[in-house]
Amino acid sequence: MPDRAAPPLSARVRAYWNRRIHDLEISSHPPGSAGFFADLDEYHFDKLHHLLELVEFDGYAGRRVLDVGCGTGVDLVRFVRGGAVATGVDLADSSVALARENLRHQSLSATLCVGDGERLPFPDDTFEFVYAHGVVQYTAGDRALVDECRRVLKPGG
């Protein structure tokens, strides 16, 4: 029988996050429902209350913001509500689909795409602000992720 190599690490990580959506178990509402996203937002900002003091979610009106590892879009929604021209990217198709639903429930819009933070699908110098909260510890290539965030960040961003 031929020796079959394991899929590349990035494919295994993508498969993992497609199966396990972060914090899915904290809501009793069906995933993708308005109640589900309200529970995620409340839990996220209760647990991470310091983010509201550290991150000016409403300070990027009219500016291009990238949320790397956007997950279900909890933080992305905050940027959009603040007037940012926001883009979310996540490795997992399932998370991007839920982020799309989150935005739809709130009548908001942002660009969403499936992509790897270690190889961002954007040109150099695209965004005024790049946000990657809770992502570095989950990537195998932390240096590559940081380098990519710098690459797509405009000078002075």
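Residues numbered from 1 in each chain as written. Predicted model: local features only at pLDDT ≥ 70, side-chain atom pairs only at ≥ 80, totals over all residues. Heavy atoms only, no water.

For the rest of this paragraph, the subject is helix α4 (residues 74-81). Taking burial as the measure, the eight residues of α4 include six buried ones, the bulk of the element. Among the residues making up α4, those that are buried are V74, D75, L76, V77, F79 and V80. Following α4 by one or two positions, G83 adopts a phi angle in the positive range, close to 100 degrees. (Buried < 20%, exposed > 50% of the residue type's maximum accessible area, 1.4 Å probe, protein only. Helix = DSSP H or I, 4+ residues; strand = E, 2+ residues; numbered from the N terminus.)

Membership of the largest hydrophobic core comes to 16 residues, with the highest contact counts inside it found for F79 and Y131. For this core, the elements supplying multiple residues, two or more each, are α2 (34-47), α4 and β4 (129-131). If you tally residues by element for this core, the top one is α2, at four residues. Apart from residues lying up to four places away in sequence, Y131 is in contact with L51, V55, F57, L66, D67, V68, D75 and F79. Core analysis: the next-biggest nonpolar cluster, separate from the first, contains twelve residues, L66, V68, L120 and V130 among them. (Core = buried A, V, L, I, M, F, W, Y, C linked by side-chain atoms within 4.5 Å. Contact = heavy atoms within 4.5 Å.)

Now for the pairing of strand β3 (residues 111-114). In this structure, strand β2 (residues 85-90) lies alongside β3, joined through four bridges in parallel fashion. Considered in β3, the bridge of G88 is made with L112. (Pairing = 2+ DSSP bridges.)

Packing of α2 against helix α5 (residues 93-105) leaves a shortest axis separation of 10 Å and a crossing angle of 100 degrees. Taken as axis vectors, α2 and α5 run roughly perpendicular relative to one another. Facing α2, whose interface residues are A34, F36 and F37, α5 presents L98, E101, N102 and H105. Its residues assigned to classes, the contact of α2 with α5 shows four nonpolar, two polar and one charged. (Axes fitted to C-alpha atoms, helices over the stretch in contact; angles between N-to-C directions. Parallel < 35°, antiparallel > 145°, perpendicular 65-115°, else oblique. Nonpolar A, V, L, I, M, F, W, Y, C, P; charged D, E, K, R; others polar.)

We now examine helix α6 (residues 142-152). Burial in α6 covers these residues: L145, E148, C149 and V152. Down the axis of α6, the buried side of the element spans an arc of 100 degrees, and every buried residue falls inside it. Residues R143 and R150 are exposed on α6 and point more than 90 degrees away from its buried face. Its buried side turned inward, α6 meets β1 (64-68) and β4. (Arc of directions from axis to C-beta.)

Moving on: the sheet that holds β2. Read across the sheet, four strands follow the order β3-β2-β1-β4 without closing on themselves; strand pairing throughout is parallel. Each of the sheet's edge strands pairs with one partner strand only, and the pair in question is β3 and β4. Neighbour-to-neighbour, the strand axes of this sheet turn through a mean angle of 15 degrees, independent of strand direction. Across three bridges, the pairing between β1 and β4 is parallel. Its bridge partner being in β4, D67 is matched across the sheet by Y131. Sitting on the sheet, α4 touches β1, β2, β3 and β4, and the angle it makes with β2 is about 170 degrees.

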